[in-house]
Amino acid sequence: MGTIKRLNKWANAHTYYPLDLIRVALGVFLFMKGVEFMTNHEQMAEVVRPFQEMPGGMILLHYIAPAHFVGGFLIVVGLLTRWAALAQIPILLGAVLTNFLGVMNTNNLVLATITLLVCIFFLFYGSGKHSADYYLKMQK
């Protein structure tokens, strides 16, 4: 718990608007991906195809779209940002692995890798000073 408080204090002291814009852009991107997966079932089935033989492969279909949808919204407003980013990491690791297990698509690999790295950054950085988390914390 002390580590999280220390990270929050550091993040609040070193907050910048460009980092907030990156957080919002990440959230909008994940939200839009969630909407895209919900509306295009064929594309979603194609993405999950390399993991179909694994136990619980069908559960992936029901986890990915809502996690992107809800997690993206939470990241945009800066509410539970670390938890939302943590929920995205297994999905993004799977997205990177999909390129090696299935058909290699360089654009998807680069996009998934960048998104994974940004999520890992916000897992440690948190939501920053310009977020709902900070606003709610200051209301106490």
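Note: the structure precedes this text.
Anyway, here's the lowdown on the structure attached to this text. (Residues numbered from 1 in each chain as written. Predicted model: local features only at pLDDT ≥ 70, side-chain atom pairs only at ≥ 80, totals over all residues. Heavy atoms only, no water.)

**Observations regarding the overall build of the chain**
In terms of helices and strands, the chain carries seven helices and zero strands. Its helices and strands in sequence order give the chain the pattern α-α-α-α-α-α-α, from N to C terminus. Along the first, second and third principal axes, the C-alpha atoms of the chain reach 50 × 25 × 25 Å. Each of the 140 residues in the chain was classed as buried or not, and the buried ones make up 34%. Restricting to contacts in the chain with at least 6 residues of sequence separation, those with at least 24 account for 74%. Taken as a whole, the chain presents about 8,700 Å² of accessible surface, with 73% of it coming from carbon and sulfur. (Helix = DSSP H or I, 4+ residues; strand = E, 2+ residues; numbered from the N terminus. Buried < 20%, exposed > 50% of the residue type's maximum accessible area, 1.4 Å probe, protein only. Contact = heavy atoms within 4.5 Å. Areas by Shrake-Rupley, 256 points an atom, 1.4 Å probe, with all protein chains shown as cover.)

**Brief notes about the packing of aromatic side chains**
Tallied over the full model, the rule gives four aromatic pairs. For the ring pair F121 and F122, a centre distance of 5.1 Å and an interplane angle of 75° mean the geometry is edge-to-face. With relative accessibility at 36%, the residue F121 sits in the partly exposed group. Both rings, one in F122 and one in Y125, keep their centres 6.1 Å apart while their planes meet at 75°; by these two values the pair is edge-to-face. Here the residue F122 and the residue Y125 both occupy positions in helix α6 (residues 106–125), the gap between them amounting to three residues, near one helical turn. Of the two residues examined, F122 and Y125, each falls in the buried class. Three or more aromatic residues joined by ring pairs form one cluster here, namely F121, F122 and Y125. (Phe/Tyr/Trp six-rings, centres within 6.5 Å; stacked < 30°, edge-to-face > 60°.)

**Section: the nonpolar core**
Core analysis: the largest hydrophobic core is formed by 13 residues, its most contacted members being L26, L30, I75 and C119. Contributions of two or more residues to this core are made by α2 (17–39), α4 (57–77), α5 (81–101) and α6. Discounting chain neighbours no more than four positions away, the residues touching I75 are R23, L26, G27, L30, T81, A84 and A85. In this structure, F37, M44, A65 and A67 belong to the second largest nonpolar core, which totals seven residues. (Core = buried A, V, L, I, M, F, W, Y, C linked by side-chain atoms within 4.5 Å.)

**With respect to the packing of α2 against helix α3 (residues 41–48)**
Packed helices, taken two at a time, are described by the angle their axes make and the gap between the axes. Where α2 contacts α3, the axes come no closer than 5 Å and their chain directions differ by 105°. In terms of orientation, α2 lies roughly perpendicular with respect to α3. Residues E36, F37, M38 and T39 of α2 form the contact with α3, whose own contacting residues are H41, Q43, M44 and V47. Taken together, the residues that form the contact of α2 with α3 break down as four nonpolar, three polar and one charged. (Axes fitted to C-alpha atoms, helices over the stretch in contact; angles between N-to-C directions. Parallel < 35°, antiparallel > 145°, perpendicular 65-115°, else oblique. Nonpolar A, V, L, I, M, F, W, Y, C, P; charged D, E, K, R; others polar.)

**Brief notes about the environment of L111**
Following the sequence through the fold, L111 ends up in helix α6. Residue classification places L111 among the partly exposed residues on the basis of a relative accessible area of 39%. Counting along the chain gives 19 residues from L111 to L92, while the straight-line C-alpha distance between them is 9.7 Å.

**So, the side chain of T115**
Tracing the sequence through the fold places T115 in helix α6. Beyond its immediate stretch of four places on either side in the chain, T115 contacts L26, F29, L30 and L92.

**Observations regarding the environment of L21**
By secondary structure assignment, the location of L21 is in helix α2. The spatial distance from the C-alpha of L21 to the C-alpha of V76 is 9.1 Å, given a sequence separation of 55 residues.

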